[in-house]
Structures are given as C-alpha cells and as structure tokens.
Amino acid sequence: MLYFSRWKTVLIWLVVLIGIVVAAPNLISDQQLAKLPGWVPDSKVTLGLDLQGGSHIMLQVDRDDIIKDRLSTLVDDMRANLRDAKVLYTGLTGSGSTAQVRITDESQYEAASQALAPLAELSSTGTVGGALQEVEMTNDGDGLFKMSLTDAGINYRVRQAVDQSMEVVRRRVDELGTTEPLIQRQGNDRIIVQVPGLDDPQRLKSILNKTAKLTFHMVDTQNSVQQALQTRPPAGDEIVYSQDQPPVPYLIEKRALISGEDLVDAKASFNQQTNEPIVNFRFNSRGAQRFGQATQQNVGKPFAIVLDDQVVSAPVIREPILGGSGQISGNFTVQGANDLAVLLRAGALPATLTVVEERTVGPSLGADSIREGVMASVIGAVLVVLFMIAFYGFFGLIANIALVFNIVLLIAVLSLIGSTLTLPGIAGIVLTIGMAVDSNVLIYERIREERKQGRSLVQAIDTGFSRAFGTIIDANVTTLIAAAILFYLGSGPVRGFAVTLAIGIITTVFSAFYLTRWMVATWVRVKRPKELPKGIRTGIFDGIRFSFMKIRYFTLVSSIVLVVASLVGFGTVGMNLGIDFTGGSIIEVQSKDGPANISDIRTKLNGLNLGQIEAQGFGSDSDVLIRVQAQEGGAAAEQAAITSIRGALENDYDFRRVEVVGPVVSDELSRSALLGVVASLVAILIYIWFRFEWQFAVGAIIATAHDVFLTIGIFVLTGVEFNLTSIAAVLTIVGYSLNDTVVVYDRVRENLRKYQKMPLPELLDLSINTTLSRTILTSFTTLLALAALYVFGGEVIRSFTFAMLFGVVIGTYSSIYIAAPVLIAFRLRPDVFLKKDKEKENAADQLPGQGKA
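Residues numbered from 1 in each chain as written. Predicted model: local features only at pLDDT ≥ 70, side-chain atom pairs only at ≥ 80, totals over all residues. Heavy atoms only, no water.

Chemist: Tell me about the packing of helix H21 (residues 724-754) against helix H24 (residues 798-817), and please be specific about residues and values.
Modeler: Running from amino to carboxyl end, H21 crosses H24 at an angle of 25 degrees, the nearest separation of the two axes being 9 Å. Taken as axis vectors, H21 and H24 run roughly parallel relative to one another. The hand of the H21/H24 crossing is right-handed. Contacts between H21 and H24 involve Thr 725, Ser 726, Ala 728, Ala 729, Thr 732, Ile 733, Tyr 736, Ser 737, Asp 740, Thr 741 and Val 744 from the first element and Ser 799, Phe 800, Ala 803, Met 804, Gly 807, Val 808, Gly 811, Thr 812, Ser 814 and Ser 815 from the second. When the residues that make up the contact of H21 with H24 are grouped by side-chain class, the tally is nine nonpolar, 11 polar and one charged. (Axes fitted to C-alpha atoms, helices over the stretch in contact; angles between N-to-C directions. Helix = DSSP H or I, 4+ residues; strand = E, 2+ residues; numbered from the N terminus. Parallel < 35°, antiparallel > 145°, perpendicular 65-115°, else oblique. Left-handed = near helix turned anticlockwise from the far one by under 90°. Contact = heavy atoms within 4.5 Å. Nonpolar A, V, L, I, M, F, W, Y, C, P; charged D, E, K, R; others polar.)

In structure tokens:
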C-alpha cells in the first residue's frame, strides 16, 4: 500500500492542483477577476443571507382567495348561460366551493341542464393528454342545480396561480434593482424569495404583499351610499372604501369599465399644479379604445380608480380621455408613488400572497458574522495545528499539510457546485477540521500500535493505513448519513451546514487516505527511517490499563437516572423552544447612540398589545434581542406586529435581524425535526447492522439515544434556546457519537477474532484501552475547534456550538460506558464471527477455478 505508481501520484496532485485553481477566485475581488482571461475559473462560494445581509421571505398563495374568485366566476357564468338559454331561475348564490340555483319552471329543467352542462365539462391543463374536471354538476330532480368546485380543479388553479405569481414577483423584485435574487417554488402553494444585500426589507415585503389589481368603475350617483350601508347595495353595486383616514365609503358598479391588464407603462411623477406625487399610466391600443369609449359616454360623472379593493381616487370625468393615458392621484409619498408604479408595471398577482416566514439580516450584522466566523475558524485551525505538531512532531506536520489541502478542496467543491456558505456552514468547516484530525490520529495510533507489536517500520505503516481505512470509512459514513438526512429535511442555513459537512467528510477521507499516505510513503522512500519520528508524544497512554467494565453497573445506573431526569424535565419544565417550533418573531436591534435602554424598549412594546414580549441584552450593551409570541391572527397578524414594532423603535434603533415564523411553518419544522432524528437513527441502525452484527447495531442506537436524551436534558437544565440549528447539532452529535462508537466496536470485533477465550469484560477493557489515545486526542482537538467557535463565533450560532461541545463530551462517555457494556448484556460471543468467516471461506472455495488442490 505504500507503493504509488507514477500515474496515481500525478492523479492525486492533479486533484489538489485543480482544487487550488478552483478555490483561488475566492481570494480575488470581482473587479480583479473580471480582468483575468476567460479560461480562468471564476466560480466563487456564494455567501448566505446571514453573512452578507438580505431577506429570505416565504410567500403562500391564499387558497381561499382562489376559491372565492373561481366561485365568483362560476356564478357569473351560470347567470350568463341561463339568461342566454332564456331559463327562469331564482336563488343563484355561491357559498364555500359550491354555487346553486333553483329553476322556477319545471318544463325548463332539461334546458337548464343543457345550459349548465358546458361548465362541468373537462378542462384542458395545457399538457399533452391532460384534462381534468374542475366543476361537478348535481340535480336533485326538483329544480335545484348545484355546481361544486372539485379538489383537483382547485389544486390545478393553485398551481397555475403559483406559476403566474412567480413571474409577477420576479418582475417586481427586478424593478427594485437588486442583484441575483433567488425566486423558486416550494411545495404546491409556496414561493421562496431570497434577495441578498437588500437595505430595505420592509419595502420588499410591502411590494410582494400587494395584489396590485387595478380596475376602473363608475360611481353610482343614483343611489345613496348611506342607505346602502344601512340596508344593502342595489343589484350590480358594491361598497368599497377609500385609502383615506378615516376611510370614505363609495357605492360603485361591480362591473369594471377597464382593468390594469391593458396597462403598458406606469411612472411616478409630480402634479405640475400642486407638486404632489402622482402616477402616470398608459394603456395599450385595446385599453385606450375602451378607456376612451367609457369616458366619452360618462362625461360629468365620477369614476373610481380601485386598487386591491380600495378606492385610490374618484375624479369626475371632465372630458373624454382619448389619448390612452391618464394619472392616478392620491395621498402618495414619493416612495409610495414609485412603489405603485412598480406594481402596475409588473402586473397584478392572480391571488393574495401571505408572508408565512421571514428571515432578514442587516448588512452590518452580516459583516459581523463574517468577521466572527473567519476569526473562529482561524483560531480553531491554529489551535489544532499547534496541538498536532506538539503531539506528533513530523507526522503532525504532514497531517497539517493534508488539513490545509483538505480545506482547499472543500472550498473548491463548494465553489464548483455553486453552494451557498452560511454561518452554520462555517461551523461545518470548523467541524471538518476536527474530523480530519480524527482520521490522521486513527492512522498514526494504529501505526504506532503495529510497531509496538514487533512489525518493521514499513510493515507497521502499511498495516496501520490498511486497518485504519475500514474504521475511517465506517466512522464517517454514519456522520454522512446524518448529513444527508439533515439536507433532505432541513432548509436554509441548516441545509448549508449539511452540504458543508458532507463534502468535508469526502475530502477528509481523500486527504487522509491518499495525501497523508503519499507523504508518509515519500518520507519512507527518501529517508529510509528505522523508527517512527521521535516527536510522537502519545506514548503517555501506553501505561493506562483501566478496568472500565468494573464500574459499568454504576455508570449504567447513573446514565439511566440522568436520562429519566431529562425526560421528566422535558415533559414538565420543557425546553426554551425558539420561534422555529413555536412560531412568533425574533428581532435583533442595535442602539443608534450609546447603550440600549432595555426597560424603555419593554415599556414601548408592551403598549402595543402584542402579547408576551421578551427583551434582553445580546452581545454588546448596544444590542438587544426581542422575542414576540405567536400572534393569534396567523401570518398576516405576525407581519402587522413587526410593522408596529418598527414604528415604535426605528427612530432610536437599527434593525439588524428579523425572523418571523408563522404557525403553519413552525408546525412543519417541528415535524421535520422529529422525523429527521428518527430517520437518521433508523438509517444508521441499518448500516451498522449490515457492517457488524445486530448486537453492535442495537448497542450503537442505545448509546446514541442516550446522547440525544442527555442533550435534551442539558437544554432543559440551562434554558438555552433550542432552535433549528440545535436540531442540526443533535443530528451531528448522532454522527459524532457513532463515529466514536464505531471505532471502539471495530477494535472489539478484531479482538473477538484474535482472543477467542478471553472473557468479554476483559476483551472490552482491552479494546477501549488500545483506542483510548485516539478517543482522547480526537475529542480534545474537536473540542479545541468548537471552543474557538463558541467563544469567537458570535451569538447567532452559540446554541449550536453549545450543543456540540456537550455532545462531544457525552459522545465520548457513551462510546465507553454505554455502547460497550450493552454487548455484555447481549452475551456477544466470538463464535458469531468465526461462523461468518468459515462461511466466507466455503463460499470462496466453491467459486469456479477456486477449489482446493
């Protein structure tokens, strides 16, 4: 294994060279990169919104709005068809998803059925062979006809509305002049909008929230609006209120003279006489003709300009408007006029979009996160590098060189796939540093152990690499499974962490097994050493022969007590759940001048009647974290609460971060989190069962469940907020804990074959002691990297690093005192492996041409 052919050497270093070239653009500014030749790679890692600032908004199409519009159209179609067929009817109404009408003349039942039948015919979906029934017709035989909207038809209309809304949203966002917005569908009825580097997220929300349905209606001057308010509007009329404060009611005709669909342009301007902001608009030829006819026929009468069911203005038509253009005036601000022009140019939404989730990070907080994340990564890497050199000398230097290339390859892959680097993603890089060291420690300790057993140096190195490789694969696959499930079920920054962690695992295996092995092989070939480098300090563990299994009853009882206490605490006290699981809002503000006045903030916000509000210091004395409970009115009420809080605080504070999670989204996140933990445990159980034996698989799951329960317990005990990143931490702990457990189990399996007569408790002690140096060193280096992240990584991911720090400690404990004793309880014996080995030998003997001589 120490021999590397020339082509393999070239291939290894070609991969490294390509990684360096691909990763290099991340160190060059965009201006400098533009000056380089076209063949130079220019892919860079995209910074997430939490690092560069910006807004993540999830919009949901209002299904009820679509049903209401579709039902209204259906009622109008029924009326028109029955009138065309000269059928007498009464009681034409629509409610829920059903419209009904009663035919008064029994002799016209058949004519009514024929008139309404076309409305229930199959509708084309626009795809080849695609057709569905949107409306079902029923007749009770007594003249009552019912037309019901089908679920398939409603779902089709919702999908259509999402497609149309995405185009409108894209046009609106583009009008803001933002760079590289991401607009994509999520599920059947949601749209995700991510706009990096946005300075005014509030304006983005207001533009995305408005339907911008513009219509022109004649005002009914023949009837009194006051009388209509006291009784009901005349047939064909409706009451619409103005945007004024207080709102003014108008009695207008339901039939629109013309709609905004015929607009071709809209621009903000100023009234030359009053100097007030207005919006000038222009119709296409069809719209201009219809607008001209309408104004020509109604000179001297008022007409209402209605935007989203509110009257903007109701001017009197002084003369026919034949030029196809006009203006909308109202109580506009300059920005209000600009925004209305943007909305009209982009077109109306087919249905109302509700903000069900919002995560906004200000540019200043993003810059702070980058600085803190880079600082934590550098400090963590330096600590690990110094530790490796101190303990392994020359071999430590080789490990550090491999570590540098490992990180370079990781960044290169992230650049190639266009991945987004988030703050949890930086945590994934820091964790990769610890995992990379783990692989090298496994190899070096195995080499040292083989040398102690009397093998020559070359044999020890060769055997050490080959035997460590299987353990490295098994240990990292478990973490990879957790990362894959986290990616599938996670969202946003958590998914970014999963991608970074998964790629880090792959680059770690490559750098450990190829780069490190090549460098060690080159050292052996050039130097021809007789002994291992003298810098290796891990011999301090050689004299340890601790009887771990003697205290297994004490540790098992203690663990059971702690697990029960954790579960009782979870059921009674509960965890401090973040808004990801409870719904509500989190706002981080920073005082514009001097320290923040937390009591004044509480006083102002308590007067808004938004329910329970918590305000506490966060980081420096000028930063405050505000937490608002979930509002009863749903997603719309959550957004209204944020608007009220902005109005109360924006004069004195900068809004650095806003996160809003509606009740529907929080329920979905809770289900996904639970499903993620269970799915990862099941997947890892299957893998370990396949690679080892059922006793090992069950033991690993028991140890992992122990770690998960105790992690929940520490959150209950400390009151640290448990949010979506904490779930990422729990799943990573699952992978890390199993990493430790697999290393111990791998040695147990090896010793079961080697020492068939040794009592199992003694064999377990031997296995744990021989892997103790690796366990302690790996845990310590990982703790060094995580400690740097906890201290210097900032408040945003502190709950994540807190959970990880605890998880590393408890994972190390469980791999020794939980996973190992379970094997004794299951009466594991070596004959299981001997039987399997015999079966493999027999199978090999029966292969063609492989029989015994």
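Chemist: A description of the packing of helix H13 (residues 457-489) against H21 should follow, citing residues and the corresponding values.
Modeler: Closest axis-to-axis distance for the H13/H21 pair is 9 Å, and the angle between their directions is 155 degrees. With respect to H21, the element H13 is oriented roughly antiparallel. Handedness of the crossing formed by H13 with H21: right-handed. Residues Arg 467, Thr 471, Asp 474, Ala 475, Thr 478, Thr 479, Ala 482 and Leu 486 of H13 lie in contact with H21, whose contacting residues are Ala 728, Leu 731, Gly 735, Tyr 736, Leu 738, Asn 739, Val 742, Val 743, Asp 746, Arg 749 and Glu 750. Taken together, the residues that form the contact of H13 with H21 break down as nine nonpolar, five polar and five charged.

Chemist: Before we move on, can you summarise helix H15 (residues 552-572) with the specific residues and values?
Modeler: Across its 21 residues, H15 extends 30 Å between first and last C-alpha, which sits within 8% of the 30 Å expected from 1.5 Å per residue. Among all positions of H15, only Arg 552, Thr 555, Ser 559, Val 563, Ser 566 and Gly 569 are buried. Considered in projection along H15, the buried side chains sweep an arc of 130 degrees and stay on one side of the axis. For H15, the exposed residues set more than 90 degrees away from the buried face come down to Tyr 553, Phe 554, Val 557, Ile 560, Gly 571 and Thr 572. Of the surrounding secondary structure, the elements contacted by the buried residues of H15 are helix H20 (694-718), helix H22 (760-770), H24 and helix H25 (819-825). Positive phi shows up at Gly 574, right after H15, with a value of about 80 degrees. (Expected span 1.5 Å × (residues − 1). Buried < 20%, exposed > 50% of the residue type's maximum accessible area, 1.4 Å probe, protein only. Arc of directions from axis to C-beta.)

Chemist: Outline the pairing of strand S3 (residues 89-95), listing residues and values.
Modeler: In regular strands, side chains alternate between the two faces of the sheet. Bridge count for S3 against strand S4 (residues 98-103) is five bridges, and the pairing is antiparallel. Among the inter-strand pairings, Thr 93 is bridged to a residue of S4, identified as Gln 100. Here S3 folds back onto S4, and the loop between the two strands holds two residues, one of which, Gly 96, carries a positive phi near 65 degrees. (Pairing = 2+ DSSP bridges.)

Chemist: So, the confidence of the model for the chain: which residues are in play, and what are the values?
Modeler: Overall, the predicted model of the chain reaches an average pLDDT of 82, with 92% of residues at or above 70. Taken element by element, the chain is modelled with least confidence in helix H26 (residues 831-845), mean pLDDT 54, and with most confidence in H15, mean pLDDT 92. (pLDDT = per-residue confidence, 0-100.)

Chemist: An account of the environment of His 706 is needed here, citing residue identities and associated values.
Modeler: Summarising the element assignment, His 706 is placed in helix H20. Assessed through its relative accessible area of 5%, His 706 is described here as buried. Spatially, the C-alpha atoms of His 706 and Pro 196 are 41 Å apart, while their sequence positions differ by 510 residues. Each residue touching His 706, except ones within four places of it in the same chain, is listed here: Ser 559, Val 563, Ile 810, Tyr 813, Ser 814 and Ile 818.

Chemist: Residues and numbers for the sheet that holds strand S11 (residues 214-218), please.
Modeler: In a beta sheet, neighbouring strands pair by backbone hydrogen bonds and run either parallel or antiparallel. Judged by pairing direction, the sheet is antiparallel, and its four strands sit side by side in the order S14-S11-S17-S18 without closing on themselves. Looking along the sheet, the strands with just one partner apiece sit at the ends: strand S14 (258-259) and strand S18 (310-313). Of the strand pairs in this sheet, S11 and S14 are connected by two bridges, and their pairing is antiparallel. Residue Thr 215 lies in a different strand from S14, and its bridge partner there is Ser 259.

Chemist: Explain helix H4 (residues 63-84) to me, and be specific about the residues and the numbers.
Modeler: Over its 22 residues, H4 runs 31 Å from end to end, which matches the ideal 32 Å to within 8%, given 1.5 Å per residue. Among all positions in H4, only Asp 65, Ile 66, Ile 67, Arg 70, Leu 71, Leu 74, Val 75, Met 78 and Leu 82 are buried. With a side-chain oxygen lying 3.0 Å from the backbone nitrogen of Asp 64, the N-terminal cap of H4 falls on Asp 62. (Polar contact = N/O pair within 3.5 Å; in protein donor to acceptor, adjacent residues only side chain to side chain.)

Chemist: Report on the sheet that holds strand S15 (residues 263-270), specifying residues and quantitative values.
Modeler: Across the sheet, which stays open at both edges, the three strands sit in the order S15-S16-S19 with antiparallel pairing between neighbours. A strand with exactly one partner marks an edge of an open sheet, and here the two such strands are S15 and strand S19 (325-329). When the angles between neighbouring strand axes are averaged without regard to direction, this sheet yields 25 degrees. The pairing of strand S16 (residues 277-283) with S19 spans five bridges and is classified as antiparallel. Residue pairing across strands places Val 279 opposite Ile 328, the latter belonging to S19. Helix H9 (residues 285-297) rests against S16 and S19 of the sheet, and its axis sits at about 110 degrees to S16. Contacting S15, S16 and S19, helix H10 (residues 334-346) runs over the sheet at an angle of about 175 degrees to S15.

Chemist: Account for the nonpolar core, naming residues and giving values.
Modeler: By size, the foremost hydrophobic cluster in this structure holds 128 residues, and its most contacted members are Tyr 444, Ile 688 and Phe 696. Per-element accounting of this core gives the leading share, 18 residues, to helix H14 (residues 493-527). (Core = buried A, V, L, I, M, F, W, Y, C linked by side-chain atoms within 4.5 Å.)

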